[in-house]
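Residue-level listing of the chains:
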Amino acid sequence: SSYTHILAETRGKVGLVTLNRPKALNALCNDLFVELNQALENYDNDPNVGCIVLTGSEKAFAAGADIKEMKDKEGIENYKNNFLGHWTHITNIRKPIIAAVNGFALGGGCELAMMCDIIYAGDKATFGQPEIKLGTIPGAGGTQRLTKAVGKSKAMEMCLTGSVNLNAEEAERLGLVSKVVPAGELVDEAIKTADKIANLSQPMVQMIKEAVNQSYEMPLSAGLRFERRLFHATFASQDQKEGMRAFAEKRKPSFVHH
Ligand code: HXC
């Protein structure tokens, strides 16, 4: 399939989506997001794909929502048109998404990375929420997901000043990203992890994603109950039987994703 603002290709069992508006530092215009949602949806429905990697260029993962496109929008029109409503689609994708962030992840770019399940950063990555400097506020999770990721004080400092950014090392130390790699190796490293995930039992992979995400939505007791019920259900699968038998028989499991 061919897109205008993104590239989508498969690498084995991994769907690789590359944001590709280099002249605008991958600013997230409406059409780009429509294409991104379409590509993610296609991979979610493709039984040959087990995990997705989302990346940008070495200079920018994404420099935010498209400021030029949104600057003249009006409040009630935004409400009526549900401006940015389709940005949440990515959170409905059931397969894991690894964000491979090189360069700028600012505003909506940082928020997009935080909607993914794992973030790897290139060593020159920059994370920030500069919206306050544009006379607005984060609108796609910057005040919420960032706070959960890095804690209140740092999230406040970033969102309130708009100019306190995190470099890759700080982002790793604070837990926003799980790994920092040299910029040129980042995408391959993310694909390597994605490939590992894609070769495990896919129903189990998706249950884990669902359960971890529930930890943001539920009180602990309800989250633990949710997890236990899924755990019980895994014993109805062939992959649980195969995985545990293989361990007992000292061989490698062969999962059938059922
Ligand atoms: C539209 C953008 C853009 C953006 C960069 N460009 N970011 N266009 N929206 N968010 C365009 C520039 O206008 C310029 O176009 C080209 O990309 C290259 O950018 P430069 O500024 O020339 O590059 P550089 O000097 O290297 O500076 C890089 C930068 C800067 C520090 C990242 O571009 C910047 O500050 N961008 C805006 C970052 C930001 O405020 N993001 C938050 C957006 S608000 P021309 O045509 O001049 O070459 C947001 C709200 C989210 O995300 C709310 C809910 C989702």
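Not measured: the values here are computed from a predicted model.

Quick word on the domain arrangement of the protein
Okay, step 1: With domains assigned, the protein is organised as domain 1 (6–198) and domain 2 (202–248).
Okay, step 2: Centre-to-centre separation of domain 1 and domain 2, based on C-alpha positions: 27 Å.
Okay, step 3: On the side of domain 2, 5 residues touch domain 1, which itself brings 7 residues to the contact.

Brief notes about the sheet that holds strand β9 (residues 166–167)
Okay, step 1: Strand order across the open sheet formed by 4 strands is β4-β6-β8-β9, with mixed pairing between neighbours. Strands at the two margins of the open sheet, each flanked by one partner only, are β4 (60–62) and β9.
Okay, step 2: Two strands pair when backbone bridges link them, and strand β6 (residues 104–106) and strand β8 (residues 126–128) are joined in this way by 3 bridges, in the parallel orientation. Residue pairing for β8: F104 is matched across the bridge by T126.
Okay, step 3: Taken strand by strand, helix α4 (residues 108–115) contacts β4, β6 and β8, and its axis lies near 95 degrees from that of β6.

Let's talk about the nonpolar core
Okay, step 1: Ranked by size, the top nonpolar core spans 65 residues in total, and within it V53, I98, A105 and A113 carry the most contacts.
Okay, step 2: What A105 contacts, discounting residues up to four positions off in sequence, is F61, A62, C110, A113, A125, T126 and F127.

Concerning the site of the ligand
Okay, step 1: Around the ligand sit 21 residues, and of these A63, G64, G107, G108 and G139 come closest.
Okay, step 2: A per-class count over the shell around the ligand returns 13 nonpolar, 4 polar and 4 charged.

Focus: the packing of helix α9 (residues 202–214) against helix α10 (residues 220–234)
Okay, step 1: Across the interface, α9 lies against α10 with an axial gap of 9 Å and an inter-helix angle of 170 degrees. Judged by the inter-axis angle, α9 sits roughly antiparallel to α10. Where α9 approaches α10, its residues M204, M207, A211 and Q214 are matched on the opposing element by G223, F226, E227, L230 and T234.
Okay, step 2: Its residues assigned to classes, the contact of α9 with α10 shows 5 nonpolar, 3 polar and 1 charged.

Thoughts on helix α6 (residues 152–161)
Okay, step 1: Regarding α6, the residues found buried are A155, M158 and C159. Along α6, the residues classed as buried sweep out an arc of 90 degrees about the axis, all on the same side. Relative to its buried face, α6 has exposed residues pointing more than 90 degrees away, namely S153, E157 and L160.
Okay, step 2: In this structure, the buried residues of α6 make contact with β8 and α5 (145–150).
Okay, step 3: At the exit of α6 stands G162, carrying a positive phi of roughly 70 degrees.

Describing the environment of E242
Okay, step 1: Along the polypeptide, E242 turns up in helix α11 (residues 238–248).
Okay, step 2: Judged by local crowding, E242 falls into the partly exposed class, with 16 C-beta atoms found within 10 Å.
Okay, step 3: When the C-alpha atoms of E242 and L160 are compared, they prove to be 52 Å apart, with 82 residues separating the residues in sequence.
Okay, step 4: If near-sequence neighbours (up to four positions away) are discounted, E242 is found in contact with P253, S254 and F255.

Overview of unusual backbone geometry
Okay, step 1: One non-glycine residue, L25, lies in positive phi territory at about 50 degrees.
Okay, step 2: For L25, the location among the structural elements is in the loop between β2 (14–19) and α1 (30–44).
Okay, step 3: On the neighbour-count criterion, L25 (19 C-beta atoms within 10 Å) is partly exposed.
Okay, step 4: In this structure, N82 takes a positive phi of about 50 degrees despite not being glycine.
Okay, step 5: As for its placement among the helices and strands, N82 is situated in the loop between α3 (75–81) and β5 (97–101).
Okay, step 6: Judged by local crowding, N82 falls into the exposed class, with 8 C-beta atoms found within 10 Å.

Calculation notes
- Every residue gets a number counted from 1 within its own chain, in the order that chain's sequence is written.
- For a predicted model such as this one, the threshold for reporting local features is a pLDDT of at least 70, and the threshold for listing and counting side-chain atom pairs is 80 or more; totals across whole chains, interfaces and linings nevertheless cover every residue.
- Note that domain bounds follow an automatic or database assignment of domains.
- Contact criterion: two residues are in contact if their C-beta atoms, reconstructed from the backbone, are within 7 Å.
- For two strands to be treated as a pair, DSSP must find no fewer than two bridges joining them.
- Counting from the N terminus, the helices are DSSP H or I runs at least four residues long and the strands are E runs at least two residues long.
- Under this scheme, a helix contributes an axis fitted over its contacting stretch, all axes are lines through C-alpha atoms, and angles between N-to-C directions fall in the 0 to 180 degree range.
- Joining buried Ala, Val, Leu, Ile, Met, Phe, Trp, Tyr and Cys residues through C-beta atoms within 7 Å gives a set, and that set is a nonpolar core.
- Residues with at least 20 other C-beta atoms within 10 Å of their own are called buried, those with 12 or fewer are called exposed, and the rest are partly exposed. The C-beta atoms themselves are positioned from the backbone.
- Note on definitions: a residue is near a molecule or strand provided its C-beta atom, placed from the backbone, lies within 6 Å of it.
- Any residue that is not Ala, Val, Leu, Ile, Met, Phe, Trp, Tyr, Cys, Pro, Asp, Glu, Lys or Arg is counted as polar, Gly included; the first ten are nonpolar and the last four charged.
- The scheme is simple: roughly parallel for angles under 35 degrees, roughly antiparallel for over 145, roughly perpendicular for 65 to 115, oblique for anything else.
- Note: the arc covers the axis-to-C-beta directions of the helix.

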